[in-house]
Amino acid sequence: FKEARVLFLYEAERGNPLAMYDLGRMCADGLGCEADAEEAWRWYEKALDGFYATEEERPWKYTEYRIGKMYAAGLGIEQDHEQAVDWLTLSANQKYKYAQYSLAGLYYQGKGVEQDRKQAFSLYSCAANQSFPYASFELGKMLRDGIGCRANSARSEQRFQEAFDGFTALESKSHDDKLQYRLGWMHLNGVGTEKNIPQAKKYLEKSAGVGNLFAGYQLARLIL
């Protein structure tokens, strides 16, 4: 993490807003440095200014997505879900699956926009059909519970299987603790795959080993 911080600082000095954003994350979480919320906020502000400058120079669905996400989370600027909806819509209208997924969540929860579960289902479907497993997982839940659509157990299971396969492929490349937690949970509960307690424990141990609290909780329950 310390070496990553040095490299991000090098890039940030040359005006790279992505590096500024990652420095904000590292300061917020205490990765490679002492945790410092004020310093994290300053880096997030600089990153947002950089994304705005890039967008003014040349509108781009990726930049619009990043700005929208920062408004949604209140990073470097006061949280504003209405602004988040506006920016994410710009990106989602260009079929950017990450923006479609994030915008679907706002419609689902009714944040910054009138709650519309059918619209959320539609946006999740657009993202899932571009091989985005997180969207497939949300569709699995909605189809299982009949939220924003008619309940359909067969289609629900199909979407959960898509999500499981997608998470497995992503985890094999990134070894991300959030993916390991999801895979552990799915193995533990037999969602999208056969129930497999040893595999569940394996993934949860990996995730909990780097501090994932959700994985630690599930692992403790499993041990008990």
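Above this text is the structure in question.
Keep in mind that this is a model prediction, so the values were computed, not measured. (Residues numbered from 1 in each chain as written. Predicted model: local features only at pLDDT ≥ 70, side-chain atom pairs only at ≥ 80, totals over all residues. Heavy atoms only, no water.)

Concerning helix α6 (residues 97-109)
Part 1 of the reasoning: An ideal rise of 1.5 Å per residue puts 18 Å on 13 residues; α6 measures up with 19 Å between its terminal C-alpha atoms.
Part 2 of the reasoning: What α6 keeps buried is the set Lys97, Ala99, Gln100, Ser102, Leu103, Ala104, Gly105, Leu106 and Tyr107.
Part 3 of the reasoning: Downstream of α6 by one or two residues, glycine 110 has phi in the positive range, about 70°. (Helix = DSSP H or I, 4+ residues; strand = E, 2+ residues; numbered from the N terminus. Expected span 1.5 Å × (residues − 1). Buried < 20%, exposed > 50% of the residue type's maximum accessible area, 1.4 Å probe, protein only.)

Considerations on the state of the cysteines
Put plainly, two cysteines are in a disulfide when a covalent bond ties their sulfur atoms together.
Part 1 of the reasoning: Under the counting rule described, the total for this entry stands at zero disulfides.
Part 2 of the reasoning: Left unpaired, cysteine 126 is separated from the closest cysteine sulfur, that of cysteine 149, by 14 Å.
Part 3 of the reasoning: A relative accessible area of 35% places cysteine 126 in the partly exposed class. (Disulfide = S-S within 2.5 Å.)

What to know about helix α8 (residues 133-145)
Part 1 of the reasoning: An ideal rise of 1.5 Å per residue puts 18 Å on 13 residues; α8 measures up with 19 Å between its terminal C-alpha atoms.
Part 2 of the reasoning: Counting buried positions along α8 gives ten out of 13 residues, so the element sits mostly inside the fold.
Part 3 of the reasoning: Those residues of α8 lying buried are Pro133, Tyr134, Ala135, Ser136, Phe137, Glu138, Leu139, Gly140, Met142 and Leu143.
Part 4 of the reasoning: Looking at the buried positions of α8, the neighbouring elements they touch are α6, α7 (117-128), α9 (153-174) and α10 (177-189). (Contact = heavy atoms within 4.5 Å.)

Digging into the environment of threonine 193
Part 1 of the reasoning: Tracing the backbone through its elements, the reader meets threonine 193 in the loop between α10 and α11 (197-209).
Part 2 of the reasoning: The exposure class of threonine 193 is partly exposed, given its relative accessible area of 22%.
Part 3 of the reasoning: Sequence spacing of threonine 193 and glutamine 161 is 32 residues, and the spatial spacing of their C-alpha atoms is 6.5 Å.
Part 4 of the reasoning: If we skip the residues at most four places from it in the chain, threonine 193 touches Glu157, Phe164, Met186 and His187.

A look at the nonpolar core
Part 1 of the reasoning: Core analysis: the largest hydrophobic core is formed by 52 residues, its most contacted members being Met70, Leu103, Tyr124, Phe167 and Met186.
Part 2 of the reasoning: Apart from the residues lying within four places of it in its own chain, the contact partners of phenylalanine 167 are Pro133, Tyr134, Phe137, Leu179, Arg182, Leu183 and Met186. (Core = buried A, V, L, I, M, F, W, Y, C linked by side-chain atoms within 4.5 Å.)

Section: the pattern of salt bridges
Part 1 of the reasoning: For the coordinates displayed, the defined rule picks out five salt bridges.
Part 2 of the reasoning: Of the charged contacts, one joins arginine 42 and glutamate 39 as a salt bridge, the two residues approaching to 2.5 Å between their closest N and O atoms. Linking arginine 42 with glutamate 39, this pair stays in helix α3 (residues 37-57), spanning three residues, or about one helical turn.
Part 3 of the reasoning: Since its relative accessible area comes to 40%, arginine 42 is described here as partly exposed.
Part 4 of the reasoning: Taking the shortest distance from any N to any O, the salt bridge between lysine 141 and glutamate 138 comes out at 3.3 Å. Of the two residues, lysine 141 and glutamate 138 both sit in helix α8, three residues apart, roughly one turn of that helix. (Salt bridge = Lys/Arg side-chain N within 4 Å of Asp/Glu carboxyl O.)

So, unusual backbone geometry
Part 1 of the reasoning: For serine 131, which is not glycine, the phi torsion reads 60° and is therefore positive.
Part 2 of the reasoning: Mapped onto the fold, serine 131 is located in the loop between α7 and α8.
Part 3 of the reasoning: The exposed category is assigned to serine 131, whose relative accessible area is 61%.
Part 4 of the reasoning: In this structure, histidine 175 is a non-glycine residue whose phi angle is positive, near 55°.
Part 5 of the reasoning: With respect to the helices and strands, the residue histidine 175 is situated in the loop between α9 and α10.
Part 6 of the reasoning: Taking relative accessible area as the criterion, histidine 175 reaches 53% and is therefore assigned exposed.

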